[in-house]
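Residues per chain, in single letters:
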Amino acid sequence: MEQVVAVGLDGSPESLAAAHWAADEAERRELALRLTHAWILLSPPTPDSPAADDQNYWSKRIVHDAHTELARDHPKLTIIEDLVADEAETALLDAAAHSRMLVLGSRGLDRVASFFLGDIGLHTIARAERPVVLMRAGREADGHERRVVVGLSLHGPQDNLLEFAYVTAFTRDVPLHAVHGRKPDRAHTAAGGDGTARDTMERARRELDEVLRPWREKFPRVRVVDEVRPESPAQAVVQAAADSDLLMVGRRKHPPALGPRLGPVVQAAVHHANCPVAVVPHE
């Protein structure tokens, strides 16, 4: 793994917005930035080959223009141009494997566009070895209190997700909001009344506190606000992220025989959260 933040470029406003977000994040983390553009028909540079130059023109232009714009805004940032002669999904997965994180652009939030992240983006999220961040174009700061949100399931180890969340809050110097959603069992609630629902919430709060305790000790300077919401995990993370700078959710790695899958929380986050979303793989 190299000390870089990688971003996928395709010439769209969304990918340029992702590049700006990635540049900011690389600077905060004191990493380099790699601009990756893949085109299967990319020709190797050869002397006196105008045909190859013409064929590669737009690929080079996409990366060069982004480089120029980012270097103007981040003069001290190391920026690496990476033109890859391969399928986009293969190139992005390789970029993710060799980077601290991969950043991609995604489209808007309306009912139709929110489902057009695309097969390449979804497959990359589902299979990447490192965190993948989705950034939408046109999202400006709106004056809300700066914070980042992490959604926790409390089932199984989530060290990769928690480390990413705490480092992100630390480097940004903002509070970390840890949220867990748990719906009280309807049958038990009906039988036991409000007391059973309260017991469920109290148990969840104790579990959340236990998961966070060692990380609070490891990152004492990060202010953490923890919350258990009496709703589904998917609803909880989307609602909690409504006024945040970044939502971070975990994706469990599956054996190759099962193939890559995205659970309901990740699906809800990438399609409906109105802020950048980081999907972090963990065991």
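Residues numbered from 1 in each chain as written. Predicted model: local features only at pLDDT ≥ 70, side-chain atom pairs only at ≥ 80, totals over all residues. Heavy atoms only, no water.

A. Seen up close, the overall build of the protein. Along its length, the protein carries 10 helices and 10 strands. A sequence separation of at least 24 residues applies to 79% of the contacts in the protein between residues at least 6 apart. Only carbon and sulfur atoms are counted for the fraction: they give 51% of the accessible area of the protein, which is about 14500 Å². (Helix = DSSP H or I, 4+ residues; strand = E, 2+ residues; numbered from the N terminus. Contact = heavy atoms within 4.5 Å. Areas by Shrake-Rupley, 256 points an atom, 1.4 Å probe, with all protein chains shown as cover.)

B. Spatial organisation of the packing of helix 1 (residues 13-29) against helix 3 (residues 57-73). Two numbers describe how helix 1 lies on helix 3: the axes approach to 11 Å, and their chain directions differ by 35 degrees. For helix 1 against helix 3, the interelement crossing comes out right-handed. Between helix 1 and helix 3, the contacting residues are L16, A19, H20 and A23 on the first element and A66, E69, L70 and D73 on the second. Residues belonging to the contact of helix 1 with helix 3 are distributed by class as follows: five nonpolar, one polar and two charged. (Axes fitted to C-alpha atoms, helices over the stretch in contact; angles between N-to-C directions. Left-handed = near helix turned anticlockwise from the far one by under 90°. Nonpolar A, V, L, I, M, F, W, Y, C, P; charged D, E, K, R; others polar.)

C. The arrangement of the environment of S106 in detail. For S106, the location among the structural elements is in strand 4 (residues 101-106). For the pair S106 and L134, spaced 28 residues apart in the sequence, the C-alpha separation amounts to 6.0 Å.

D. Representation of helix 1 within the structure. Helix length check: helix 1 (17 residues) gives 24 Å between terminal C-alpha atoms against 24 Å at 1.5 Å per residue, within 8%. Those residues of helix 1 not exposed but buried are S15, A17, A18, A19, W21, A22, A23, E25, A26 and R29. In the stretch just after helix 1, E30 is the one whose phi turns positive, near 60 degrees. (Expected span 1.5 Å × (residues − 1). Buried < 20%, exposed > 50% of the residue type's maximum accessible area, 1.4 Å probe, protein only.)

E. Highlighting the pattern of salt bridges. For the structure shown, the criterion picks out 15 salt bridges. Among the salt bridges present, the one from R213 reaches D209, with a minimum N-O distance of 2.8 Å. With R213 and D209 both in helix 8 (residues 194-218) and four residues apart, the pair spans about one turn of that helix. Of the charged contacts in the structure, one is a salt bridge between E227 and R229, with a shortest N-O distance of 3.4 Å. Classification of E227 by relative accessible area gives partly exposed; the value is 26%. Among the charged side chains, a network of salt bridges with common partners joins E25, R28, R29 and R172. (Salt bridge = Lys/Arg side-chain N within 4 Å of Asp/Glu carboxyl O.)

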